[in-house]
Structure formats: structure tokens, C-alpha cells
Amino acid sequence: EDVVFHLDDHLERLRHSAQELEIAQPTAIQSSNAPALKSQLKQLLRLNKFGASLVWFYVLAGLTSDGFTPIGEPVLLVRVSKFDEAALCSKQGIAVKTVNAVRQMPEIKCVADYALAEVMLARFAPQGFDEILYSSHGAFFELSRKNFFLVLPNGTILTPNKDILQGITRRIVIDLARGLKIPVVLREIVSRDIARAKEAFATSTACGIAPLNRIDDRVLKPGKITKKLQKAFLGSREKYFTEVGDP
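Note that this is a predicted model, so its numbers are computed, not measured. (Residues numbered from 1 in each chain as written. Predicted model: local features only at pLDDT ≥ 70, side-chain atom pairs only at ≥ 80, totals over all residues. Heavy atoms only, no water.)

Engineer: In this structure, what is going on with a negative patch on the surface? I would like to understand it.
Structural biologist: Together, Glu20, Glu22, Glu107, Asp163 and Glu188 line one region of the surface with negative charge. Take Glu188: it is sitting in the loop between β10 (184–186) and β11 (189–190). (Patch = residues over 30% accessible without salt bridge, like charges linked within 9 Å, V, L, I, M, F, W, Y side chains within 5 Å. Areas by Shrake-Rupley, 256 points an atom, 1.4 Å probe, with all protein chains shown as cover. Salt bridge = Lys/Arg side-chain N within 4 Å of Asp/Glu carboxyl O. Lys, Arg positive; Asp, Glu negative; His and termini not counted. Charge placed at Lys NZ, Arg CZ, Asp CG, Glu CD. Helix = DSSP H or I, 4+ residues; strand = E, 2+ residues; numbered from the N terminus.)

Engineer: Sorry if this is basic, but what is going on with a nonpolar patch on the surface here?
Structural biologist: Nonpolar side chains collect at one region of the surface, where Leu60, Val75 and Leu77 lie side by side and expose about 240 Å² of accessible area between them. Mapping Val75 onto the fold places it in strand β4 (residues 75–82). Judged by relative accessible area, which is 41%, Val75 ranks as partly exposed. (Buried < 20%, exposed > 50% of the residue type's maximum accessible area, 1.4 Å probe, protein only.)

Engineer: I tried to follow helix α2 (residues 34–48) on my own but got confused; where do I start?
Structural biologist: An α-helix turns once per 3.6 residues; consequently, residues spaced three or four apart project the same way. The end-to-end C-alpha separation of α2 is 21 Å, in line with the 21 Å expected for 15 residues at 1.5 Å each. Its buried side turned inward, α2 meets α1 (7–20), β1 (53–60) and β4. (Expected span 1.5 Å × (residues − 1). Contact = heavy atoms within 4.5 Å.)

Engineer: What am I meant to see in the packing of aromatic side chains here?
Structural biologist: Any two aromatic rings considered together are summarised by their centre-to-centre distance and by the angle between their planes. For the structure shown, the criterion picks out 5 aromatic pairs. Summarising the aromatic geometry, the rings of Phe5 and Phe233 are spaced 6.2 Å apart at their centres and angled 90 degrees between planes, so their arrangement reads as edge-to-face. Placement of Phe5 in the segment before α1 and of Phe233 in helix α6 (residues 224–244) is noted, with a sequence separation of 228 residues between them. Classification of Phe233 as buried rests on a relative accessible area of 1%. With a centroid separation of 5.8 Å and an interplanar angle of 45 degrees, the aromatic rings of Phe5 and Phe241 are classed as tilted. Taken together, the positions of Phe5 in the segment before α1 and Phe241 in helix α6 put the pair 236 residues apart, joining distant regions of the chain. Exposure remark for Phe241: the relative accessible area of 28% places this residue in the partly exposed category. Among the aromatic residues, those joined into a ring-pair cluster are Phe5, Phe233, Tyr240 and Phe241. Stacked on the ring of Phe5, the Lys or Arg Arg237 has its end atom at 6.0 Å from the ring centre. (Phe/Tyr/Trp six-rings, centres within 6.5 Å; stacked < 30°, edge-to-face > 60°. Lys NZ or Arg CZ within 6 Å of the ring centre and 35° of its normal.)

Note that all results are geometric; they support no functional claim without further evidence.
The following block contains the structure:
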């Protein structure tokens, strides 16, 4: 049976984002329509025959006559792409460049809010960087499409809790870490934390847990806590698909 990883959580965040943008919820994503949407989504996945897939949900505000003001009813657009599961929790680290910027509405997902990231990524890719890390007034928040974690020398995990997207994979990883008795502190991350960190990693639906091997000029190596969490995450994901899933 086709199962979408934590579909209900993703739909709830989609509803929240639409609400914050003051866009009416399309009928398709309303809670009362969840069974019908799940059935349609499973049909779509079967038709694409990708095996493993990434599903993208977009709420379009509606047609427009002036290129700006939406008219009519909002629409749900669903895109499915092939997904290479081998890319999850890769051992290969990513290099991150800090930028003095933040997303306009960090607590929601909005396509327009990622334009700056695309420009910055294109600018720093020739220098060997794979990602950017948003920062402002001495604090560090999130990557362009991933949440940000540090591991301190005493084994404590740090991750920001404000002015970020409250990622679903982020929450899963925090719960896994606490279940493994690894201390997790949710607070602002500052320069001295990065300077003394022993490990760093990022999380998202597409990457799972990705180790960071470089933050600006600071070189890091995947450590035992990152590797332990990667193993735990892959195990929890497999358990979800085989034991939990969607009815």
C-alpha cells in the first residue's frame, strides 16, 4: 500500500501556512476532506510508478486579472517526483555559507520567500558551498530548506526554536534524540556555539539527517551523535511505513 510519511502533519502545516497568508483553504486540504485526498493521492502515486516518490503540495491563491490580486477560489496543486531513497541520511557532508538575511515569514512555507535563497545559492556554489545558513544580529537560524542543529563537546544538541520553520523531520529528530537520552536544548544559536561545536547537521524531508562538513571556514566531521541519529531516523521511518502508515 502507498503510504506518505507523516502526511497528516504535512497537511496541517499546509493549512497553517495558508491561514497565515490569509488564503482560504482549498476544499481538497480541509480536514473533513482528508480521506478523499488520501485516496486520490494514492492513485496518483500508483499512476506515476516511481516506487519511492517526493510529493509537493502547493496552494495557489487563485486566478488573477492584474498579475497580483487573486480572484476566484484557491487551488491545490500536487506534484510528484521520483525520489532516491539512498540520498536519505547520506554520509557525505554539506558545506554551508552564512548569509546576513532571514526569510520574511520563517514560520511558514511560501514559495516567494525562497527567492533570496536561490540567488545566494547560485552566488556561493562556485566557492564550493552547497547551502546557506540564515543569520541576523549574531544569531543563526536555518538553512534555505533545512533545519539546523549543533552538537556541543558535552554531547548536548542545540537547535533554534524561534524564527524558523518548525520542520516535521526536525520534530521527529528531537523526539528520537530525547528517546536516546541525548540532551536537546532549544535556544538561540550564536557564533560561540558554532566555534565550539563538535558536530553539525541539518534535517528535512528530502535529506533526512545530513551532516555539515563546513560552516564558512569552520571544518567539521560527522560524529557519533549524528551517525546515531541517522540510524535511529532510518529505523523510525521504516517502522512508520511498516507498522503505522495511513489506513
